[in-house]
Amino acid sequence: MLATIASVFRVSAQRNGAALIMSAHTFTDFTTQATFEIKKCDLFKLDEGPATQVVLTRDEGLQYYRTIQIMRRMELKADQLYKQKMIRGFCHLYDGQEACAVGLEASINLSDHLITAYRAHGYTYTRGGTVKEIMAELTGRRGGIAKGKGGSMHMYCKNFYGGNGIIGAQVPLGAGVALACKYLGNNELCVCLYGDGAANQGQIFETYNMAALWKLPVIFVCENNRYGMGTSVERAAASTDYYKRGEFIPGLRVDGMDVLCVREATRFAADHCRSGKGPILMELQTYRYHGHSMSDPGLSYRTREEIREVRSKSDPISMLKDHMLSQNMASVEELKGIDVEVRKEIEDAAQFATTDPEPPLEELCNHIFYNEPPFEVRGTNPWTKLKSIS
Amino acid sequence: MAASLRCFLRSGKNTVSALQRREFHRSAPAAVQMTVRDALNQAMDEELERDERVFLLGEEVAQYDGAYKVSRGLWKKYGDKRIIDTPISEMGFTGIAVGAAMAGLRPICEFMTFNFSMQAIDQIINSAAKTYYMSAGLQSVPIVFRGPNGASAGVAAQHSQCFAAWYGHCPGLKVVSPWNSEDAKGLLKSAIRDENPVVVLENELLYGVPFEMSEEAQSKDFTIPIGKAKIERQGNSITLVAHSRYVGHCLDAAAVLAKEGIECEVINLRTIRPMDVESIETSVMKTNHLVTVEGGWPQFGVGAEICARIMEGPAFNYLDSPVTRVTGVDIPMPYAKILEDHSLPQVKDIIFSVKKTLNI
């Protein structure tokens, strides 16, 4: 409690100390937890689904809020840096979809595993990467999470297998991670994500088959943001009920804009997996505000009205904020305070990402093989002999 | 002398006539004869026993004992957990194998033939080979991809391609191509123990061929280093370099040429990537002539790479004539026997090429 009072003072100080010091407003006034009614999930091959009455504590709410804000601000900063040409190549932004990453992580452990495709910055953060390392990877600096060698689509950290550039390839990989969990008997599971576009990949159906056959502890998650690049779901899939596409795998369709829905559905799915029942499929209905990537304005295949509507009615930050404020679990000022801190954290990270030096040329050929004595690599011409160190 | 004895043993012919020659003065060490199939089987058996994390998956590897019986007996011994029959889903099960390797296991992923690996090649290259680099050392992938490669007999165009050049092209992969039983056992064991993705290109026609296994090779810890070629036969006139089945063809050609006073040095590449160019260079600097022999197509092939590397290195100045490549014919593999026979290098083609290179 003292910490929260202290943070109020800090916040006040940042606003030039001119604001009223809120000492009169003690924080014992806040509700410590509240119960919410959430949207019911559509079920497939399941007799019962996730709970529709959920409890959110103040601490949880503040944590989710902060995380979602960090992800939102981080992606917007990446947008800025890309336009300033500090980020090159591909950059697929996640703003709008934050509730998925945060809700998922809320119901699994860091000792569980997760793999996704290329819209991965948010997951890199929730899985343990820092904003600094993520941004420095985007700008291709030595302080990047992959030392600048991977870029936007190839970020890794413990129990997070990227960041994968080939659409759909991450799905068998995720099932393989789950196979390892089952093999090692460690009661861990793998959350394996793909988009509505990828959902039509053949290898995903091969994976459904093997995962079900061998009862692998994998949660398949289809992040349905309505568009595979510029192709809407109606134009790509004969059946847009992605949660049913696993045929013999039970499925849930979840409101992916509400972090509480995602959290509850994940809790349900994780229980299913850990009880040895095999895989389960969650379709998270979500939305991306940006285009497919930074080279896509995102307006040729959808309308501004649609984007505006989602933003005003279903934005994950607004929804969470409403939950917290309506139940008096936090104050507007407190949340604003978090916003300010988040903004600063992102600024600092961007500062680092734009000033950290690029990777040294001597390291060009490193990391070809693991646990290997140093060897020679041919350069661009026969006289250039480079060195590769494990 | 020992070479001719090896010739007999290699061809599996009756060894009685060999023993009648007075070539062994001392009793041979306890060498045994073992087919390549059994050598591969033994390699996997030993590594499965040695390390709990090793497991085998692929089509028909378990209850069928392996499409070519290479994994015979392993399922009975190790059970469902470690020997896994997969559905016919190359892209899917290869991805699963790679994911399992990322998460700490040591899979052996079998392709019934490497022709089917094409369905899964994205997982091999983009998910396995490149990941250690893309992650700047955070994520290693200790996986083995193995299976028969290249031409078999009468299986026609879609089942006869050699993938040495395709896989040999890619950084992040190691590629080995064993010839005899010792190669097969030693290289497969090294591949399984290696922390990186290794492609093991076997040869179906060699599976049933018995070779001598030295006492050393019979040991449970016998490995052959990846990246080192072997001089199978010493010679001064010309260097022959081959991998897999064509090592045998080169030795046969060498035996014939020896009668005419041409002594071929035969190098068994053993590893396609990283290629042991130094061994080839050392040999060429001695013999001044080089012929490469492979079953694959000529364009962008193993022989083409050897030519380029020799030109870039010190051995170029020692060449008395350009390097000659003996390769498969640049066509899809036909079915009819006479056509198939003429689509691949025969011993007489090697002899012809040697003589042309030596200008004899």
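A quick note: this is a predicted structure, and the numbers were derived from the prediction, not measured.

**What about the environment of methionine 275 of chain B?**
Residues and elements named next belong to chain B.
- Mapped onto the fold, methionine 275 is located in the loop between strand E12 (271-273) and helix H11 (277-287).
- Given the relative accessible area of 11%, methionine 275 is considered buried.
- Sequence separation of methionine 275 and lysine 174 is 101 residues, and the distance between their C-alpha atoms is 9.5 Å.
- Each residue touching methionine 275, except ones within four places of it in the same chain, is listed here: Leu269, Ile280, Val302, Glu305, Ile306 and Arg309.

**What about the environment of arginine 119 of chain A?**
Residue and element names in this part refer to chain A.
- Its location among the elements puts arginine 119 in the loop between strand E4 (113-115) and helix H4 (121-126).
- The spatial distance from the C-alpha of arginine 119 to the C-alpha of serine 152 is 8.3 Å, given a sequence separation of 33 residues.
- Those residues in contact with arginine 119 that sit more than four places away from it in its chain are His92, Leu93, Tyr94, Gln97, Asn225, Arg288, Gly291 and His292.
- In terms of polar contacts, arginine 119 uses its side chain to reach the backbone carbonyl oxygen of histidine 292, at 3.0 Å.

**A look at the packing of helix H3 (residues 36-50) of chain B against helix H4 (residues 74-82) of chain B**
Residue and element names in this part refer to chain B.
- One can describe the packing of H3 onto H4 by two numbers: an axis separation of 11 Å at closest approach and a directional angle of 50°. In terms of axis orientation, H3 runs oblique to H4. Both H3 and H4 take part in a crossing whose hand is left-handed. Contacts between H3 and H4 involve Asn41, Met44, Asp45, Leu48 and Glu49 from the first element and Leu74, Lys77, Tyr78 and Arg82 from the second.
- Residues of the contact of H3 with H4, tallied by class, amount to four nonpolar, one polar and four charged.

**Describing the nonpolar core**
- In this structure, Tyr194 and Phe220 of chain A together with Ile280 of chain B are the most contacted members of the largest nonpolar core, which totals 78 residues.
- Considering every element that reaches this core, the biggest residue donor is helix H6 (residues 170-184) of chain A, with eight residues.
- Apart from residues lying up to four places away in sequence, phenylalanine 220 of chain A is in contact with Val171, Cys192, Tyr194, Thr207, Tyr208, Ala211, Ile249, Pro279, Ile280, Leu281 and Met282 of chain A.
- In this structure, Tyr64, Leu81, Val102 and Leu114 of chain A belong to the second largest nonpolar core, which totals 72 residues.

**What to know about the sheet that holds strand E2 (residues 54-58) of chain B**
Residues and elements named next belong to chain B.
- What the seven strands build is an open sheet, ordered E3-E2-E4-E5-E7-E6-E12; its pairing is mixed. Each edge of the sheet is formed by a strand with only one pairing partner; in this case those strands are strand E3 (83-85) and E12. Put simply, the sheet's adjacent strands are angled 20° from each other on average, direction ignored.
- Sheet topology note: the E2/strand E4 (residues 106-110) ladder contains four bridges and is parallel. From the neighbouring strand, phenylalanine 55 faces E4, where its bridge partner is proline 107.
- Its contacts with the sheet place H3 against E2, E3, E4, strand E5 (144-148) and strand E7 (198-202), and it is angled at close to 135° to E2.
- In the packing of helix H5 (residues 90-102) onto the sheet, the strands contacted are E2, E4 and E5, and the crossing angle to E4 comes to about 165°.

**Some words on the sheet that holds E4 of chain A**
All names here are of chain A.
- Spatially, six strands are ordered E2-E9-E10-E6-E5-E4 in an open sheet, and the strand pairing comes out mixed. With partners counted over all chains shown, the strands left at the sheet margins are strand E2 (42-44) and E4, one partner each. Going across the sheet, the axis of each strand differs from the next one's by a mean of 20°, ignoring polarity.
- Across five bridges, strand E9 (residues 251-255) lies against strand E10 (residues 280-285) in parallel orientation. Counted as the bridge partner of glycine 251 is leucine 281 from E10.
- Packing against the sheet, helix H3 (residues 98-106) makes contact with strand E5 (190-195), strand E6 (218-224) and E10, and its axis sits at approximately 145° to E10.

**Regarding the interface of chain B and chain A**
- Each partner contributes to the interface: chain B provides 43 residues, whereas chain A provides 36 residues.
- It is Ile96, Tyr133 and Met134 of chain B in chain B that bury the most area against chain A; as a group they hold 19% of the surface buried on that side.
- The interface formed by chain B and chain A includes two salt bridges.
- For glutamate 312 of chain B, the salt bridge identified is with arginine 378 of chain A, shortest N-O distance 2.3 Å.
- Where chain B meets chain A, there are 15 residue pairs in polar contact (both at pLDDT 80 or more).

**Concerning the pairing of E10 of chain A**
- E10 of chain A sits mainly inside the fold: five of its six residues count as buried.
- Handedness of the crossover joining E9 of chain A and E10 of chain A through helix H9 (residues 259-274) of chain A: right-handed.

Scoring rules and cut-offs
- Residues numbered from 1 in each chain as written.
- Chains lettered and ligands numbered in written order.
- Predicted model: local features only at pLDDT ≥ 70, side-chain atom pairs only at ≥ 80, totals over all residues.
- Heavy atoms only, no water.
- Helix = DSSP H or I, 4+ residues; strand = E, 2+ residues; numbered from the N terminus.
- Buried < 20%, exposed > 50% of the residue type's maximum accessible area, 1.4 Å probe, protein only.
- Contact = heavy atoms within 4.5 Å.
- Polar contact = N/O pair within 3.5 Å; in protein donor to acceptor, adjacent residues only side chain to side chain.
- Axes fitted to C-alpha atoms, helices over the stretch in contact; angles between N-to-C directions.
- Parallel < 35°, antiparallel > 145°, perpendicular 65-115°, else oblique.
- Left-handed = near helix turned anticlockwise from the far one by under 90°.
- Nonpolar A, V, L, I, M, F, W, Y, C, P; charged D, E, K, R; others polar.
- Core = buried A, V, L, I, M, F, W, Y, C linked by side-chain atoms within 4.5 Å.
- Pairing = 2+ DSSP bridges.
- Buried area = accessible area lost by both parts, 1.4 Å probe.
- Salt bridge = Lys/Arg side-chain N within 4 Å of Asp/Glu carboxyl O.
- Right-handed = clockwise from strand over helix to strand, strands pointing away.

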